[in-house]
Amino acid sequence: MKLSVAALSLLALVGSSTAQYFSAGWTPGQKQQPQEPEVATFVPVPEEKATTAAQPKAAPFSFSNLFDINKLLTSEPAVAIFNRMGINITEKVQAALDHKIWDERVELITDDNYKELIVDEPLTEQQEKDRVWILVISVTSAKQDGVSKFLDEVFDSAFNQTQLAGDLPNVKWGRIDYLNVTHITTKWGIWQAPYLVVLQDRGKTLRFYRPYQLRLKDDALREFLAAEGWKVTPPWSTAYSPGGSREFIMEFFAVWMTKLYNLAVVVPRWLLVLVSGSLASVIIGLLHKPAKKPATPLAVQPQPKVKSQSAVAASSKPAAASSSTASAIASGSGQASVLTDSERESSAPPTKRTSARQRKTKK
């Protein structure tokens, strides 16, 4: 009885199930369906690739990194020393590094990207004619020139207003850090900063302006660009300018100055100042060194001749005579010194009197 009840319940479960759990099987004439390839859900990563992906890429070694002042101040011994004095040197260094001295939206032009951004800029023929670059050559990174800092502020303010207004589509803004750029400034013959440069024709037409030649106001600079006031100034056109007959001299000079700069920049600035100062003091000391006096030859003294006995005897006789006369004179002078004034007057010879007629005849 129990067995029949179990069989009935099993049949009820089978009847209530749907047909999707059962396959109809293969029928004659049916095409065989291709089997889908199995996709692996886990692909093991090789050990070498996994280790290289986990480790960050190391920075290339540089000799200047050994003397980098920021790394020296943030090293463990320096941090421990400053912590004892109650100074968080790591925070101070990071705050100095994060300090922005100018608007970073302005394109920073360097020796490496000048050709890519300006010379080889993809432009149509009409865009090339209308393209104007306004560049500021700044020394604000040295934190020593107040005029350069003020010019940077005016330049950034004019750039910001132009971005908001969108009224100068053909003008592009750029900045050149004079302390970190060598090839461009040397080729242009710029030996001091700050400067404003209006550049056209992919760097072939250049106009240079000192700060005192323009009104240093953001609206004045925008008006100068909108009215194309730079057209009043003639471009730089000499034998050494771009396209001149002696341009190759400036190019050659700029290339070698850049190579020297790349060698000098490896040495930290503080160490370069220390070495150059020591070398300059040595050179100045050598230049101001007194001249050596010429050595005078020693005079050769003649050796005394040996005299014979007869010559010695002959020379002794006049010496004795001279000594006797000298003693006599001394004794006479001693007696004369004993005389009084009255005796001297009486012993003096009488003076000869002359008449007036005799004196006249003498005259």
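One structure accompanies this document, and this report is about it. (Residues numbered from 1 in each chain as written. Predicted model: local features only at pLDDT ≥ 70, side-chain atom pairs only at ≥ 80, totals over all residues. Heavy atoms only, no water.)

### What about the overall build of the protein?
Summing up its helical and strand segments, the protein has 16 helices and five strands in all. Buried residues in the protein amount to 20% of all 363 residues. Sequence-distant contacts in the protein: of pairs separated by 6 or more residues, those separated by 24 or more amount to 66%. About 28600 Å² of surface is accessible on the protein, with carbon and sulfur atoms providing 61% of the total. (Helix = DSSP H or I, 4+ residues; strand = E, 2+ residues; numbered from the N terminus. Buried < 20%, exposed > 50% of the residue type's maximum accessible area, 1.4 Å probe, protein only. Contact = heavy atoms within 4.5 Å. Areas by Shrake-Rupley, 256 points an atom, 1.4 Å probe, with all protein chains shown as cover.)

### Observations concerning the side chain of T140
For T140, the position within the fold is in the loop between β2 (132–138) and α9 (146–165). A polar atom in the side chain of T140 sits 3.1 Å from the side chain of S148. Looking at T140, its side chain comes within polar contact range of the side chain of D152, at 2.3 Å. For T140, the residues in contact, after removing those within four places along its chain, are I101, W102, S148, K149 and D152. (Polar contact = N/O pair within 3.5 Å; in protein donor to acceptor, adjacent residues only side chain to side chain.)

### Here we look at α9
For α9, built from 20 residues, the straight-helix expectation of 28 Å at 1.5 Å per residue is met to within 8% by its first-to-last C-alpha distance of 29 Å. All buried positions along α9 are accounted for by S148, L151, D152, V154, F155, D156, A158, F159 and T162. Among the structural elements, β2, β3 (171–177), β4 (195–200) and α11 (218–226) are those in contact with the buried residues of α9. Among the residues trailing α9, G166 stands out with phi positive, at a value near 65 degrees. (Expected span 1.5 Å × (residues − 1).)

### Examining unusual backbone geometry
Between A193 and the following residue, P194, the backbone shows a cis peptide bond with an omega angle of 10 degrees. Along the chain, the position of P194 falls in the loop between α10 (183–187) and β4. Although it is not a glycine, E228 adopts a positive phi angle of roughly 55 degrees. By secondary structure assignment, the location of E228 is in the loop between α11 and α12 (247–264).

### Regarding the pairing of β3
In regular strands, side chains alternate between the two faces of the sheet. Buried residues dominate β3, accounting for six of its seven residues. Relative to β3, strand β1 (residues 107–109) runs parallel, the two sharing three bridges. Paired with I109 across the two strands is I176, which belongs to β3. As judged from the seven bridges shared by β2 and β3, these two strands associate in the parallel manner. The residue of β3 that forms the bridge with I134 is W173. (Pairing = 2+ DSSP bridges.)

### Here's the deal with a nonpolar patch on the surface
Residues I81, M85 and I87 make up a contiguous nonpolar surface patch of about 280 Å² in total accessible area. A relative accessible area of 52% means that I81 is categorised as exposed. (Patch = residues over 30% accessible without salt bridge, like charges linked within 9 Å, V, L, I, M, F, W, Y side chains within 5 Å. Salt bridge = Lys/Arg side-chain N within 4 Å of Asp/Glu carboxyl O.)

### Quick word on the environment of T233
Along the chain, T233 turns up in the loop between α11 and α12. Along the backbone, T233 and R207 are 26 residues apart, and their C-alpha atoms lie at a distance of 7.3 Å. With residues near it in sequence (within four places) discarded, T233 still touches R207 and Y209.

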